[in-house]
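Structural overview for review
Here is what each chain is made of, one letter per residue.
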Amino acid sequence: CGQRPIGQREKVKLEPGALVTVHFELPALDQGLWRGAVRMEVLDDLAFDNQRYFAVMVAPPYQVLVVDGQPENVPQMSETYFLETALRLAPRGQSYRGSRYAPTVVPASKETTLPNLDRTDLVVLANVAGLTSSSAERLARFVRQGGGLLVFCGDHVSPQGYESLRKAGLGVGQIMGNMVSDSLPWRLGDWDRKHSIFLPFDDPQHGDLRSLSFYGYTRIEPDANARVLARFRRGSPALLERGLEKGKVLWFVSTCDPDWTDWPRSRLLLPLVHQMLGYLSGLNAGGPVREA
């Protein structure tokens, strides 16, 4: 919580029935949860409603480890270029102060070994061919302790490569192979409208998810412990979820680059990615500060 009290006063003249806006310039706050109250010093017969309490969480952005399954020398050609930009809200090598996420991108190999996850909040696997058994077990421990995992599929994903994830309890079903179309795309047909990921999209002005085109996806037969959050029009799962003790896992069956979909080039990439990671991190529910 805040270490030092902060007090500010403003005097304004308010006519009966009028409205006025008062601005308070706060100094830089130390990291932590700050609680306070706004009070109006005015004489009336209902004094108890002259005070409003508030809480402000000052915290660094969530640290996101992004494993790139198709790194390229030209950044714009890599698997995670659009994803990283959406999370950073700034070009590579730059940062935006208001971003909720700080991504760190590492390249994948045939059997990727993950770096230390002690200071990581979220992990994203983007079209990664597979993980070593030891890395899969470390990743499972990370999720069990409250971490979040988001998996994007792609042409590198195979049943053999993801066996280590399945054994570690991070799978959502049986991988049945990749589906690719040269003509008509797949489109989202239905999704859980009450789920926090999709709540903002109830308003068509925020974007129509049915407009997204997918020319390839990884077909997954869900396990009993998996929940299908979104489906394509013919019923095949598009987004799946499973819980693992204190943490959560999401699988998105298509890519986060333009190889299989136009999604990365649409205005829906940023809000939908932020909603998925917001769900995994708890930001969709208000972050560390909760209303009683």
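Source: prediction; values computed, not measured.

In this structure, the largest pocket encloses a volume near 1,200 Å³. Residue assignment for the lining of the largest pocket shows that the elements contributing at least two residues are strand 1 (32-39) and strand 2 (51-58). In the lining of the largest pocket, the residues fall into 18 nonpolar, five polar and nine charged.

Before going further, it helps to spend a moment on empty space enclosed by the protein. Summed over all chains, the structure comprises one cavity of 30 Å³ or more. As for the largest cavity, its lining consists of L188, F198, A230, A238, L239, F252, L272 and M276. Of the residues belonging to the lining of the largest cavity, the class tally is eight nonpolar, no polar and no charged.

Turning our eyes to something else, we now look at the pattern of salt bridges. For the coordinates displayed, the defined rule picks out six salt bridges. Two residues, R144 and E245, come together in a salt bridge whose shortest N-O distance is 3.8 Å. Note that R144 is positioned in helix 2 (residues 133-144) and E245 in the loop between strand 11 (237-244) and strand 12 (247-252), a separation of 101 residues in sequence. The exposure class assigned to E245 is exposed, which follows from its relative accessible area of 66%. As a salt-bridge pair, R193 and D190 come within 2.7 Å of each other at their nearest N and O atoms. For R193, a relative accessible area of 31% gives the class partly exposed.

Another point: unusual backbone geometry. With a phi close to 60 degrees, L89 is a non-glycine residue in the positive phi region. Mapped onto the fold, L89 is located in the loop between helix 1 (81-88) and strand 4 (101-107). On the basis of relative accessible area, L89 is assigned to the partly exposed category, the value being 32%. You will see that E245, though not glycine, has its phi angle at about 55 degrees, which is positive.

Attention now goes to the side chain of N50. Within the secondary structure, N50 is located in the loop between strand 1 and strand 2. Since its relative accessible area comes to 9%, N50 is described here as buried. Excluding anything up to four places from it in sequence, N50 contacts V38, R39, M40, V42 and D44.

Soluble, globular proteins show a tendency: their nonpolar side chains are buried together. Among the nonpolar cores identified, the biggest contains 71 residues, and L125, L139, W251, W263 and M276 are the most heavily contacted of them. Residue contributions to this core peak at seven residues, all from helix 4 (residues 269-281). Setting aside chain neighbours within four positions, we find M276 in contact with L150, F152, I197, L239, L250 and W263.

Here we take up the packing of helix 1 against helix 4. It is at 9 Å that the axes of helix 1 and helix 4 come closest, and there the two elements cross at 75 degrees. Taken together, helix 1 and helix 4 sit at an angle that is classed as roughly perpendicular. Packed against helix 1, whose contacting residues are F82, L83, A86 and L87, the element helix 4 presents L269, L270, V273, H274 and L277 at the interface. Considered class by class, the residues forming the contact of helix 1 with helix 4 number eight nonpolar, one polar and no charged.

About the cut-offs
- Residues numbered from 1 in each chain as written.
- Predicted model: local features only at pLDDT ≥ 70, side-chain atom pairs only at ≥ 80, totals over all residues.
- Heavy atoms only, no water.
- 1 Å grid on protein atoms, 1.4 Å probe; cavity = no way out; pocket = protein on both sides within 12 Å on 5 of 7 lines; lining within 4 Å.
- Points joined across faces, edges and corners; volume = space filled by probe spheres on them.
- Helix = DSSP H or I, 4+ residues; strand = E, 2+ residues; numbered from the N terminus.
- Nonpolar A, V, L, I, M, F, W, Y, C, P; charged D, E, K, R; others polar.
- Salt bridge = Lys/Arg side-chain N within 4 Å of Asp/Glu carboxyl O.
- Buried < 20%, exposed > 50% of the residue type's maximum accessible area, 1.4 Å probe, protein only.
- Contact = heavy atoms within 4.5 Å.
- Core = buried A, V, L, I, M, F, W, Y, C linked by side-chain atoms within 4.5 Å.
- Axes fitted to C-alpha atoms, helices over the stretch in contact; angles between N-to-C directions.
- Parallel < 35°, antiparallel > 145°, perpendicular 65-115°, else oblique.

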